[in-house]
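Secondary and tertiary structure notes
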Amino acid sequence: LAKTTQPISMDSYEGQEVNITCSHNNIATNDYITWYQQFPSQGPRFIIQGYKTKVTNEVASLFIPADRKSSTLSLPRVSLSDTAVYYCLVGDRVDSSYKLIFGSGTRLLVRP
Amino acid sequence: DTGVSQNPRHKITKRGQNVTFRCDPISEHNRLYWYRQTLGQGPEFLTYFQNEAQLEKSRLLSDRFSAERPKGSFSTLEIQRTEQGDSAMYLCASSSRGDRGFTQYFGPGTRLTVL
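These numbers were taken from a predicted model, which means no experiment stands behind them.

Next up on the list: the overall build of chain B. Assigned secondary structure in chain B consists of 0 helices and 11 strands. Order of helices (α) and strands (β) in chain B, N terminus to C terminus: β-β-β-β-β-β-β-β-β-β-β. At 14 Å, chain B has a C-alpha radius of gyration in line with the 13 Å of a compact globule built from 115 residues. If one aligns the C-alpha atoms of chain B with their principal axes, the spans along those axes are about 45 × 25 × 25 Å. Scored against the burial criterion, the 115 residues of chain B give a buried share of 46%.

Structure representation (structure tokens):
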């Protein structure tokens, strides 16, 4: 599975847009990019998944450039409740999906 | 709510004791996974089942660890002769094939403290 690199931590304020970038230089052709969110003492929660260009759902957007060597999770107008750890994962969504490999994630702190 | 459930949520035990955790997956999911998470780290894969068959075990799963999924429904993870290094959050996840492939949905975890 491709190794990912994310910032260790980020700070933001309520109402701002937050962009978390993940590098995955060795991403394979069949790999998808998936983001999970984790609050303290809870299991990770699926946020969004994409393969290329842009994906948007009710909570976030995922931007993937043409070379797919990085991706950016965008959280619009964050609130205090968005304070959490965010994990970027890459892998074949069928063959390797049984073994998610999490890095240390990005700790996002949203301040009032 | 029909999400993944885990019991107990917290377990404190003395070194050398055996402990067992239970995971109830989302009912229609045929895949079930166990992960372990220590403080400040992301979850680490331990093992996974497709229906009742245990298809892969990580090297992290020493001989003291055993997991079962009888009848392909709930699963149990047992740790024998616990050690202080076993203290962690044990997470269960389940999935089935959908339009996103096998997206994993996690339970709340069981936090184990070995004294």
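Right, let's get into the overall build of chain A. In terms of helices and strands, chain A carries 0 helices and 9 strands. Listing each helix as α and each strand as β along chain A from the N terminus yields β-β-β-β-β-β-β-β-β. Compactness check: chain A gives a C-alpha radius of gyration of 13 Å against a globular reference of 13 Å for 112 residues, within 12% of the reference. Considered along the principal axes of its C-alpha atoms, chain A spans approximately 40 × 30 × 25 Å. Evaluated residue by residue, chain A yields a buried proportion of 46% over its 112 residues.

Before going further, it helps to examine the interface of chain B and chain A. Tallying the contact residues gives 25 residues for chain B and 19 residues for chain A. Where chain B abuts chain A, roughly 1800 Å² becomes buried across the two surfaces, and 51% of that area is made up of carbon and sulfur atoms. Taken together, the connections running from chain B to chain A amount to 0 salt bridges. On inspection of chain B and its partner chain A, the count reaches 6 residue pairs in polar contact (both at pLDDT 80 or more). Of all the secondary structure elements, the ones that give two or more residues to the side of chain B that touches chain A are β4 (31-37), β5 (44-50) and β9 (88-95) of chain B. Considering every element that reaches the side of chain B that touches chain A, the biggest residue donor is β4 of chain B, with 4 residues. Its residues placed into classes, the side of chain B that touches chain A shows 10 nonpolar, 8 polar and 7 charged.

Let us look at the sheet that holds strand β7 (residues 70-75) of chain A. All names here are of chain A. If you trace the 4 strands from one edge of the open sheet to the other, you get β2-β7-β6-β5, paired in antiparallel fashion. Of all the strands in the sheet, just β2 (18-23) and β5 (53-56) have a single pairing partner and so form its edges. Neighbour to neighbour, the strand axes of the sheet diverge by 15° on average, direction disregarded.

Turning our attention to the sheet that holds strand β8 (residues 75-79) of chain B. All names here are of chain B. Strand order in this open sheet of 4 strands is β1-β3-β8-β7, and the pairing throughout is antiparallel. The open sheet has two edge strands, β1 (5-7) and β7 (65-68), and neither has a second partner. For this sheet the average axis-to-axis angle between neighbouring strands, irrespective of direction, equals 15°. Sheet topology places β1 next to strand β3 (residues 19-24); 3 bridges connect them, and they run antiparallel. Its bridge partner being in β3, Ser5 is matched across the sheet by Asp24.

With that out of the way, let us pick up the nonpolar core. Core analysis: the biggest nonpolar cluster contains 20 residues, and Ile33, Trp35, Ile47, Leu73, Leu75 and Tyr86 of chain A have the highest contact counts within it. The set of elements that each furnish at least two residues to this core consists of β2, β3 (31-38), β4 (45-50), β6 (61-64), β7, β8 (84-92) and β9 (106-111) of chain A. Among the elements that take part in this core, β8 of chain A stands out by supplying 4 residues, more than any other. Excluding anything up to four places from it in sequence, Tyr86 of chain A contacts Gln6, Ile20, Trp35, Tyr36, Gln37, Ile47, Leu73, Leu75, Gly105, Thr106 and Leu108 of chain A. Val4, Phe49, Tyr90 and Val114 of chain B belong to the second largest nonpolar core, which has 19 residues in total.

Let us look at the side chain of Gln38 of chain A. All names here are of chain A. If you trace the backbone, Gln38 turns up in strand β3. Of the residues examined, Gln38 reaches a relative accessible area of 7% and is grouped as buried. Within the local environment of Gln38, its side chain forms a polar contact with the backbone oxygen of Gln42, the two atoms lying 2.7 Å apart.

Another point: the pattern of salt bridges. Residues and elements named next belong to chain B. Counted by the stated rule, this structure contains 4 salt bridges over all chains. One salt bridge connects Asp24 with Arg22, and the closest N-O pair in it is separated by 2.8 Å. Of the charged contacts in the structure, one is a salt bridge between Arg64 and Asp86, with a shortest N-O distance of 2.8 Å. Of this pair, Arg64 sits in the loop between β6 (53-57) and β7 while Asp86 sits in the loop between β8 and β9, placing them 22 residues apart in sequence. Judged by its relative accessible area of 3%, Asp86 falls in the buried class.

Rules used in this analysis
Residues numbered from 1 in each chain as written. Chains lettered and ligands numbered in written order. Predicted model: local features only at pLDDT ≥ 70, side-chain atom pairs only at ≥ 80, totals over all residues. Heavy atoms only, no water. Helix = DSSP H or I, 4+ residues; strand = E, 2+ residues; numbered from the N terminus. Rg over C-alpha atoms; globule rule 2.2 N^0.38 Å. Buried < 20%, exposed > 50% of the residue type's maximum accessible area, 1.4 Å probe, protein only. Contact = heavy atoms within 4.5 Å. Buried area = accessible area lost by both parts, 1.4 Å probe. Salt bridge = Lys/Arg side-chain N within 4 Å of Asp/Glu carboxyl O. Polar contact = N/O pair within 3.5 Å; in protein donor to acceptor, adjacent residues only side chain to side chain. Nonpolar A, V, L, I, M, F, W, Y, C, P; charged D, E, K, R; others polar. Pairing = 2+ DSSP bridges. Axes fitted to C-alpha atoms, helices over the stretch in contact; angles between N-to-C directions. Core = buried A, V, L, I, M, F, W, Y, C linked by side-chain atoms within 4.5 Å.

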